[in-house]
Structure formats: C-alpha cells, structure tokens
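Structural features, examined
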Amino acid sequence: MAIFSVYVVNKAGGLIYQLDHYAPRADTEKTFSFPLDLVLRPHDERVVVAFGQRDGIRVGHAVLAINGAEVNGRFTADGKDVLEFLGNPANYPVSIRFGRHRLSSNEKLMLASMFHSLFAIGSQLSPEIGSSGIEMLETDTFKLHCFQTLTGIKFMVLADPRQAGIDSLLRKIYEIYSDFALKNPFYSLEMPIRCELFDQNLKLALEVAEKAGPFGPGS
Amino acid sequence: MEPRFTRSKSQALERSLSRGSSRTGSGSAAPPEVTLGAFALLFSELVQYSQSRVFSVAELQARLALLGRQVGLRVLDPLVARERGGRRETKVLPLLLFVKGPLWRSLFGKEADKLEQANDDARTFYVIEREPLVNAFISVPRESSSLNCAAFTAGLLEAVLGASGFPARVTAHWHKGTTLMIKFEEAVMARERGMEGR
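Residues numbered from 1 in each chain as written. Chains lettered and ligands numbered in written order. Predicted model: local features only at pLDDT ≥ 70, side-chain atom pairs only at ≥ 80, totals over all residues. Heavy atoms only, no water.

Convention followed: UniProt positions are given in the numbering used here, feature names are shortened, and annotations may be inferred rather than shown by experiment.
In the nomenclature of an unreviewed UniProt entry, chain B corresponds to Trafficking protein particle complex subunit 5 from the organism Amazona collaria. Per UniProt, chain B has the following entry under Subunit (unreviewed entry): "Part of the multisubunit TRAPP (transport protein particle) complex." Here is the UniProt Sequence similarities (unreviewed entry) comment for chain B, exactly as written: "Belongs to the TRAPP small subunits family. BET3 subfamily."

Going by the annotation in an unreviewed UniProt entry, the name recorded for chain A is Trafficking protein particle complex subunit, with Probosciger aterrimus given as the source organism. In UniProt, chain A has this text filed under Sequence similarities (unreviewed entry): "Belongs to the TRAPP small subunits family. TRAPPC4 subfamily." What the UniProt record of chain A gives under Function (unreviewed entry) is the line "Core component of the TRAPP complexes which has a function of guanine nucleotide exchange factor activity for Rab1 GTPase. Plays a role in vesicular transport from endoplasmic reticulum to Golgi and autophagy. May play a role in dendrite postsynaptic membrane trafficking."

In structure tokens, the structure reads:
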C-alpha cells in the first residue's frame, strides 16, 4: 500500500510542488562478458536498452551504473563515453545496473503541463456541462487521482491501485495548502511552494493515509 | 444620523462579533471569538504590508513590534476591567503571572508555556512558548531565518507592561521555540525593592 508521489499544478499549468514519497526501485544489476548480448543505443541524455530483453532488464531501461559507479547521463563516472567503454573488450567482465530512470525535474514540469492540457481537453469534450475534468487515470501499476479546486489549482496523487481514501487525502492536501502556503506571508501565489511547514504536514498526511491501508483513513 | 460605513444595510458587516451578548443581555459579556484562519490571513497581510516598506529583517521586526504596540495599548484596559475588576497589578511577579495567564488566554486561547527569570539578572524575565499562535502558519524562508514574527507579540507585551506602569523592553528570540525576553528598567526594580518591606 503506497502513495508514490504528489504533484501540485497551478492555474497556468506550471508545476509548483512535487514530492516523491515512495518509488519502487526495480533495478537489476548483472555481470556481463564480451560481447554484450543487449543492444544499447543513446536516447536523450541516457543510454537505453533497445533490444535483447531478458532477466528483468526490459527495453527502455537505462544504464544506471557501471561497476558500482553511477553513470552521468551518457558518460561514466570518470568521464568516458558509456558506449565506447562497453565496446572495448578490455573492460570486461563488467557489472552493469539497469533500471527505469528517475524523472528529472524538467521532465516532471513538462509532464505536469501536458496533464494540465489533457485535463482541459477532457472537460471540454464532456457531453455534460460543468464537467469536473479528469478525476482518475487508472493503469495496472498505479492510479492517478486529480482534484481541481475552485481556484484552478490541481492536486494530483499517484498511488497504488488498491489504496483507498485518496479522495479524502486530496481534500486534506487542499486544506494543508490553504493553511501553510496561503497563510504564509512569504509565499507568492502561483509560485513554487517552498514552505517547510507545508512539506512537514504533507508528509504527515501521506503517512496517515498509507497506514490506513485499503480501507481508507478512519474518520 | 448614525455613522455608516456602508451605503446599504450589509448584514455581514453590521453583525456584532460576539453572538452571546445580544441574547443574554447585560449578563455575561463573553469576549468575541474570531476563527484562526481569519486571523492568520490578516496577520499574513500585516507581515507582507510591512515587508514591502522595509529593507532589512531588523526593520521588519521593528515594524511588527510597532503594530503590536497599538494592539497592546488597547487590550490592557478591557482585560483588567474584566479579569481583575479594575484593579491593576502593582508588583512585578503578579503582573507577569497575569500576562502569562489571563492575557495570553484572552489573546490566543491558551496560556504561555513557561515564565522564567534569568539566573544572573533580576531585571530579565522570559516568557517561553513552543509554538506561538502568530507563527502557526508561517514558514520563514532561509534568507531571513532570523525573522521571528512573534516580534508582533513582543511589541504587544511591551505596550501592556509600559501602560501598567512597568516600563520594559521586550524582544523575540528563537530559543526553545519562541522566547520573549522582558528587560525591566532599573527604576522599576528599584521601586520593587522599596516595596518589599510592606
């Protein structure tokens, strides 16, 4: 039972707060000998698996670390190009860790504004007037819940599909926002939220919601 | 002609804050209560208003203290009339206990946590509060981490002590939560020592 992350998006679609509460790390580390039976290719700033899925290493997984040292984008910790390094038989046997890469903050910003646009499209396509927009997006690994307030702020929570009580959690987050962000004289509206008390209380609320498990928090 | 601030009869504005007084007549005059949210928003605006007119943290604290002083002067009289039947305190310790108890309770709904005297200085006292009400929703940014909005409360307390005949300087510090350091003037302590005989 877990809540993965919380996103807060302002009226214009910009991400003003993001918290990764729990990220299930599905990394696989394996030792390989020359030649590598996976096909790797560069993608954006990373080196990803293009072909040769096996043993938990799937297509799309990125190279996270080589011989224990984390890679820096397309370069190893010492500055060498990853593909060159892996093309050289002298470096083998080598242990490589693959996994889903963590989203960078820029990517999160882009994804949040994309969701904002989809939300707008959703509420306009609705045959009924006064649609509430996208409230839930369900996949087999997570559920995305979204709550839009009267002022246009959207609170999004990504959680385990079995986690209950997310609706009341969203209302609670709205309460925490109106308390510790809006009543803070040092916070300007629509700007990124950098308030300690907001962080603290949000984490507390997430823990309460998680502990309640599949039955939702007690009233 | 009654002075009216609004042209039309606005129900919300004309209604008295204390709902009890209109019903029970002259008997109990319960002090009016305001929701915490309303106070917090008003206080937040107070801080923002002051912040736009100053250039340093010390100035901001001074401004908040000034505003607190205005409140303190006005709060003392009705409180003494209600709680002590019009008799004001004449000794330091009872006055400080009055501050810690009735004054804090009427302002914030709870008593101050601790009242201490400094070990080395008979003139200095501390009123300690772990979580002062005025700071309840305020997260001070790291750039101005020395700012304590309880400077407002410090100004309030300074005015209360001064108007009671015990001039003092009150400052707010980040210590065990928030500590208000009260430093009485020498004349006050001399008078206190003179009164000890009686």
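What to know about the overall build of chain A
What counts, and what does not: Strands are runs of DSSP state E lasting at least 2 residues, helices are runs of H or I lasting at least 4, and numbering of each runs from the N terminus. Burial status follows relative accessibility: with a 1.4 Å probe on protein chains alone, a residue under 20% of its type maximum counts as buried, one over 50% as exposed, and anything between as partly exposed. Residues are treated as being in contact if the distance between any of their heavy atoms lies within 4.5 Å. Asp and Glu count as negative and Lys and Arg as positive, but His and the ends of the chain are not part of the count. Charge positions are represented by NZ for Lys, CZ for Arg, CG for Asp and CD for Glu.
If you tally the helices and strands in chain A, you get four helices and 11 strands. Projected onto its principal axes, the C-alpha coordinates of chain A cover approximately 60 × 40 × 35 Å. Counting only residues that meet the buried cut, chain A has 41% of its 219 residues in that class. Within chain A, contacts between residues at least 6 apart in sequence are counted, and of these 57% link residues at least 24 apart. Within chain A, one finds 22 positive and 25 negative side-chain charges whose respective centroids are separated by 0 Å.

Brief notes about the pattern of salt bridges
Pairing is possible between side chains of opposite charge, provided their charged atoms come close. We apply this condition: Only one rule defines a salt bridge in this text: a Lys or Arg side-chain nitrogen within 4 Å of an Asp or Glu carboxyl oxygen.
Enumeration according to the criterion identifies 19 salt bridges over all chains in this entry. Among the ionic pairs, Asp37 of chain A bridges to Arg54 of chain A, the shortest N-O distance being 3.2 Å. In this pair, Asp37 of chain A is assigned in the loop between strand 3 (28–32) and strand 4 (39–43) and Arg54 of chain A in the loop between strand 5 (46–51) and strand 6 (62–66), connecting sequence segments 17 residues apart. Taking relative accessible area as the criterion, Asp37 of chain A reaches 46% and is therefore assigned partly exposed. Since its relative accessible area comes to 27%, Arg54 of chain A is described here as partly exposed. The salt bridge involving Glu158 of chain B is made with Arg69 of chain B; its shortest N-O contact spans 3.7 Å. Of this pair, Glu158 of chain B sits in helix 6 (residues 151–163) while Arg69 of chain B sits in helix 4 (residues 57–83), placing them 89 residues apart in sequence. Residue class for Glu158 of chain B comes out buried when judged on its relative accessible area of 17%.

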